[in-house]
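Coordinate inspection notes
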Amino acid sequence: MDLFDKCKAFTRADETKALGLYPYFHAIEENEGPVVQIEGRKVIMAGSNNYLGLTADPRVKEAASKAVEKYGTGCSGSRYLTGTLDLHVELETRLAKFFGKEDCLLYSTGYQTAQGIIPTLVQRGEYVVSDKDNHACIVAGNLMAAGANALVDGKVQTIIRYKHNDTSHLEAVVSKLPADAPKLIVTDGVFSTSGEIVDLPGMVSIARRHNARILVDDAHAVGVIGKGGRGTASHFGLEKETDMTMGTFSKTFASLGGFVVGDRTVINYLKHHAPALIFSASPTPASVAAALAALDILEKEPHRIDKLMQNARKMRIGLAEMGYRVGEHDSAVVPVIIGDTEKVLRMWRGLFEEGVFVNAFIRPGVPPGMEMLRTSYMASHEDEHLDKALAIFKKVGRSLGVIH
Ligand code: PMP
């Protein structure tokens, strides 16, 4: 056996391509936000996380260009050493203030943020308690925490998973852990696939009774829910009770990078202990400047959030009325559950050919029966885009027998 045998044996992607049904890695040639060009064809983008439509905003673009002029194209070092710019510090200060927390730390991606926080904070004899449907970056952080502890203890008891958004089960698993052992409960704020909002009030009450701290990954919540887009803690009025909120710049903030806000001592500890921060180059000047400009817009133009939510609701209602099974959660993500891999791929292709781009989520990325088209919306979608998308969903769904 050779290490690469499995790679040679992996033919599924090529087979799907040969059938013309491969939904991944399609290059975008032009991007105006709600409409993009792929393979020479203009299509409505209904699968991006560019929630406020700011990647195309002239103010954000100008801020990024100016930062390149002033600071160059890259930082060539980690925050720890030569990679801290005044821009990084400014964005950290602004975000801490925005979320009403003492301090903030930037990472180079959202993925690295979770991966950087969890194994750094959760150490020997401590536990991470994690929703079964949490994002892959949390799973990666959990595994690193478990791996690091296994090296010391020889056992991997550090990660405990509970049933998705099920506070009774959360309570059941947490109460079995040693009462005085430090614990971290970690969850997506808005779940990335379903658009569901976590039951934070239930979680907060359990955390307080069982010596646990809370980390919420608000990648899909910032700019979407909460007062002025301040995310899940704000949505429930639980800003003080939510110990740490992390997020990404790759969605609402129209850029690239990640952040965590929390107590000054916690941020200071992460700053001096998280390998994902210390051994990785800092976000580029253009990325940070774009995120800062997006934050300005989010603060000054909160009506964009209302438009985003109206757009997502219009699609949720429109698709449900046609007979599609859609997620009912009030966020910017509207999953259309098809329940069959081949139908998902055929729907994806049909929608693309008719002029709508969505994301195909199939196994093993989703559990059996949950194969879906993940759709998500932007504040910059106009009614004409959404009406056209709905008409295309109707035509393609009917022609494939997914709806009647
Ligand atoms: N957390 C969640 C919930 C996400 O959905 C994502 C990205 N899809 C990330 C973190 C990672 O963020 P980034 O793309 O900035 O690495």
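Counting of residues starts from 1 at the beginning of each chain's written sequence and follows it residue by residue. It should be noted that, the model being predicted, local features are given only for residues of pLDDT at least 70 and side-chain atom pairs only at 80 or more, the latter also being counted only at that level, while totals for whole chains, interfaces and linings use all residues. Based on all heavy atoms of the structure, the side-chain values leave hydrogens and waters out of the count.

Attention shifts here to the packing of helix α3 (residues 58-71) against helix α12 (residues 285-300). Contact pair α3 / α12: the axes reach a minimum separation of 8 Å and the direction vectors enclose 145°. Considering the relative orientation of α3 and α12, their crossing is right-handed. Contacts between α3 and α12 pair Arg59, Val60, Ala63, Ala64, Ala67, Val68 and Tyr71 from the former with Pro285, Ala286, Ala289, Ala290, Ala293, Ala294 and Ile297 from the latter. The class makeup of the residues in the contact of α3 with α12 is 13 nonpolar, no polar and one charged. Note on geometry: axes are C-alpha line fits, over the in-contact stretch for helices, and angles between N-to-C directions span 0 to 180 degrees. Strands are runs of DSSP state E lasting at least 2 residues, helices are runs of H or I lasting at least 4, and numbering of each runs from the N terminus. Crossing handedness follows the turn of the near helix against the far one: under a right angle anticlockwise gives a left-handed crossing, and clockwise gives a right-handed one. Contacts were defined at the residue level, with two residues in contact if any of their heavy atoms lie within 4.5 Å. When residues are grouped by polarity, Ala, Val, Leu, Ile, Met, Phe, Trp, Tyr, Cys and Pro land in nonpolar, Asp, Glu, Lys and Arg in charged, and all others, Gly among them, in polar.

This part takes up the sheet that holds strand β13 (residues 356-357). The four strands lie next to each other as β1-β2-β3-β13, forming an open sheet whose pairing is mixed. Across the chains shown, the open sheet's two edge strands, defined by having one partner strand only, are β1 (28-31) and β13. Following DSSP output, two strands are said to pair if at least two bridges run between them. Of the strand pairs in this sheet, strand β3 (residues 41-45) and β13 are connected by two bridges, and their pairing is parallel. Residue pairing across strands places Met45 opposite Phe357, the latter belonging to β13. Lying on the sheet, helix α15 (residues 383-399) is in contact with β2 (35-38), β3 and β13; it crosses β3 at an angle near 100°.

For this document, the term salt bridge refers to a Lys or Arg side-chain nitrogen within 4 Å of an Asp or Glu carboxyl oxygen. Evaluation of the coordinates by the stated rule reveals 23 salt bridges. Note that Asp296 is salt-bridged to Arg94, the shortest N-O span being 2.7 Å. Of the two residues, Asp296 sits in helix α12 while Arg94 sits in helix α4 (residues 86-99), which places them 202 residues apart along the sequence. Accessibility here uses a 1.4 Å probe with only protein chains present; expressed as a share of the type maximum, an area under 20% marks a residue as buried, one over 50% as exposed, and anything in between as partly exposed. By relative accessible area, which is 29% here, Asp296 ends up partly exposed. With relative accessibility at 23%, the residue Arg94 sits in the partly exposed group. Ionic contacts of the salt-bridge type, sharing partners, join the residues Asp57, Arg59, Glu301 and Arg304 into one network.

Note that the domain bounds reflect an automated or database-derived domain assignment. Per the domain assignment, the segments making up the chain are domain 1 (9-45 + 302-399) and domain 2 (59-300). Summarising the inter-unit geometry, the C-alpha centres of domain 1 and domain 2 are found 28 Å apart. In this assembly, 15 residues from domain 1 lie in contact with 18 residues from domain 2. Both sides of the domain 1 and domain 2 interface together cover about 1200 Å² of buried area, and 63% of this is carbon and sulfur. Once two parts are put together, the accessible area they lose, assessed with a 1.4 Å probe and summed over both, is termed the buried area. Of all residues in domain 1, Pro302, Ile305 and His329 give up the largest surface area on contact with domain 2, accounting jointly for 39% of the area buried on that side. Of all the secondary-structure elements, those providing two or more residues to the side of domain 1 that touches domain 2 are α13 (303-322), β12 (333-337) and β15 (372-376). For the side of domain 1 that touches domain 2, the element with the highest residue contribution is α13, accounting for four residues. Classifying every residue of the side of domain 1 that touches domain 2 gives 10 nonpolar, two polar and three charged.

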